[in-house]
Amino acid sequence: DQQVKQNSPSLSVQEGRISILNCDYTNSMFDYFLWYKKYPAEGPTFLISISSIKDKNEDGRFTVFLNKSAKHLSLHIVPSQPGDSAVYFCAAADSGAGSYQLTFGKGTKLSVIP
Amino acid sequence: DGGITQSPKYLFRKEGQNVTLSCEQNLNHDAMYWYRQDPGQGLRLIYYSQIVNDFQKGDIAEGYSVSREKKESFPLTVTSAQKNPTAFYLCASSIFFGGRALYEQYFGPGTRLTVT
């Protein structure tokens, strides 16, 4: 049972436009969410996170939106750059579970076309 | 420079052999983790350790073993009992703050293990 779902395996966007990557979750106990970026044959790099007490968090070109009622979050990249081309993973955590486990989605491959 | 080192980057083994993957960090992080990634899949947690001499099983611990004798090191052994060992293995670490590990985990470059 996949608790974190990224339903779009891939996304292509023109350079300079907005990239929107989506993530849905089913476990209502998740209360902390993260986005990671991964290049081939490298480890993921932490991008941005959001706690369930917020509905938006911004860091430069990256903004994460959280809709708790819909159990949905999205990552917006504006403007998109060719260097943003990578696989993006959404991850979620239950801070009350007593462990520090992150549950990852399967990832969305973003291609930014020059 | 602080970071996480995984070696080697590529590893080849014959079926039936145990193999140990190295993970070292100089970030002074308390918590360390091992994940496995398969093509088209997310990262799945194998084992994690919050402090030295203590570790916990993740979702897919069967066929793997770990040790945490030093804060800086968290080696993973893929045993012959692991049915599908060929995968990309990632080590990560995170800091403790106020007695809790922060969820922002920092990853090493990974080791691609191929077993034939």
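Residues numbered from 1 in each chain as written. Chains lettered and ligands numbered in written order. Predicted model: local features only at pLDDT ≥ 70, side-chain atom pairs only at ≥ 80, totals over all residues. Heavy atoms only, no water.

### Observations concerning the sheet that holds strand E7 (residues 62-67) of chain A
Residue and element names in this part refer to chain A.
Point 1. Strand order in the open sheet formed by five strands is E1-E3-E8-E7-E6, with antiparallel pairing between adjacent strands. Either end of the sheet is taken by a strand with one partner, and the two such strands are strand E1 (4-5) and strand E6 (56-59).
Point 2. The sheet contact formed by E7 and strand E8 (residues 72-77) spans six bridges and is antiparallel. Its bridge partner lying in E8, Phe65 is registered against Ser74. (Pairing = 2+ DSSP bridges. Helix = DSSP H or I, 4+ residues; strand = E, 2+ residues; numbered from the N terminus.)

### Let's talk about the interface of chain A and chain B
Point 1. Contact residues are listed per partner, giving 22 residues for chain A and 24 residues for chain B.
Point 2. For the pair chain A and chain B, the summed buried area comes to about 2000 Å², and 58% of that belongs to carbon and sulfur atoms.
Point 3. Where chain A packs against chain B, one counts zero salt bridges.
Point 4. The interface formed by chain A and chain B holds six residue pairs in polar contact (both at pLDDT 80 or more) in total. (Contact = heavy atoms within 4.5 Å. Buried area = accessible area lost by both parts, 1.4 Å probe. Salt bridge = Lys/Arg side-chain N within 4 Å of Asp/Glu carboxyl O. Polar contact = N/O pair within 3.5 Å; in protein donor to acceptor, adjacent residues only side chain to side chain.)

### Some words on the state of the cysteines
A disulfide bridge is the covalent bond that connects two cysteines by way of their sulfur atoms.
All names here are of chain B.
Point 1. Summed over the entire model, instances satisfying the criterion amount to two disulfides over all chains.
Point 2. In this model Cys23 forms its disulfide with Cys91; the gap between the sulfur atoms is 1.9 Å. The chirality of the disulfide connecting Cys23 with Cys91 is left-handed, given an S-S dihedral of about -75°. Here Cys23, found in strand E3 (residues 19-25), pairs with Cys91, found in strand E9 (residues 87-94); they are 68 residues apart in sequence, far enough to count as distant. Taken as a pair, Cys23 and Cys91 share a single burial class, namely buried. (Disulfide = S-S within 2.5 Å. Buried < 20%, exposed > 50% of the residue type's maximum accessible area, 1.4 Å probe, protein only.)

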